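Fold and contact review
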Amino acid sequence: MIKGIHHIAIVVSDLEAAMKTYETLLGVKPERVAEVPEQEIKMACFALPGGRIELLEPTTPDSGVNKYLQKRGEGIHHVCFESDDVDADARELIEKGFVPTTPSPQDGPEGRIIFLHPKSTHGVLIELLQEIDE
Ligand code: CMX
């Protein structure tokens, strides 16, 4: 089941500069800054009471994130919804016609994730995330 918005991700060309902008705007420092090689990005995550803002800088020229940045410039890259069972939600949504970018969910640093292709969601890349229980 989808529980709410987990984060909104913004693609940027210079993570350091964007971090300064968002620190000033939001009045908080990022809770996490990390490189995620399997997603070909560096990221900074700002936690707010109602959700998170994630800044992404591509680290490879051929990634989908970099292609998007080159084509459309900086801006919103995806919206992430939190799921309480990402495998079940993905199965159900794929049955209903949504198109995943990978055949099934994968484990990432924040939890278990799957992306739905923007062509099946009216132009917005959607991530579903089930956080790992610590
Ligand atoms: N939002 C909306 N549209 C997007 C998009 C995005 N983020 N990224 C690509 N598109 C559009 C392109 O503009 C292009 O549209 P046109 O055909 O109209 O020109 C089309 O999608 C291209 O699709 P494609 O040829 O299937 O694929 P790409 O190689 O460009 O990759 C995508 C796009 C979404 C499949 C790829 O980026 C992907 O698999 N994303 C999921 C993983 C990801 O984004 N990881 C980074 C974030 C990780 C994190 O936050 O942890």
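One can find the structure itself at the top, above this paragraph.
Thresholds applied
Residues numbered from 1 in each chain as written. Predicted model: local features only at pLDDT ≥ 70, side-chain atom pairs only at ≥ 80, totals over all residues. Heavy atoms only, no water. Helix = DSSP H or I, 4+ residues; strand = E, 2+ residues; numbered from the N terminus. Rg over C-alpha atoms; globule rule 2.2 N^0.38 Å. Buried < 20%, exposed > 50% of the residue type's maximum accessible area, 1.4 Å probe, protein only. Contact = heavy atoms within 4.5 Å. Lys, Arg positive; Asp, Glu negative; His and termini not counted. Charge placed at Lys NZ, Arg CZ, Asp CG, Glu CD. Near = heavy atom within 4 Å. Areas by Shrake-Rupley, 256 points an atom, 1.4 Å probe, with all protein chains shown as cover. 1 Å grid on protein atoms, 1.4 Å probe; cavity = no way out; pocket = protein on both sides within 12 Å on 5 of 7 lines; lining within 4 Å. Sits in = over half its atoms within 2 Å of the grid points.

Observations concerning the overall build of the protein chain
Helix and strand counts for the protein chain come out as three helices and eight strands. What you see in the protein chain, going N to C, is helices and strands ordered as β-α-β-β-β-α-β-α-β-β-β. The C-alpha atoms of the protein chain give a radius of gyration of 15 Å, which matches the 14 Å a tight globule of 134 residues would have. For the protein chain, the C-alpha atoms occupy an extent of roughly 40 × 35 × 25 Å along the three principal directions. Buried residues in the protein chain amount to 40% of all 134 residues. Look at the contacts in the protein chain between residues 6 or more apart in sequence, and 52% of them connect residues 24 or more apart. With 13 positive and 24 negative side-chain charges, the protein chain shows a separation of 5 Å between the mean positions of the two kinds.

Describing the side chain of His77
Tracing the backbone shows His77 in strand β5 (residues 75-83). Setting aside anything within four residues of it in sequence, one finds His77 in contact with Ala9, Ile10, Val11, Leu56, Val65, Tyr68 and Leu125.

Focus: the site of the ligand
What surrounds the ligand is a group of 19 residues, the closest being Gln39, Glu54, Lys67, Lys71 and His117. Calculation on the ligand without its partners gives an accessible area of 960 Å², and the protein chains cover 72% of this total. With respect to the detected pockets, the ligand is housed in the largest pocket. Of all elements in the fold, only β4 (51-58), α2 (64-72) and β5 reach the threshold of two or more residues within the shell around the ligand.

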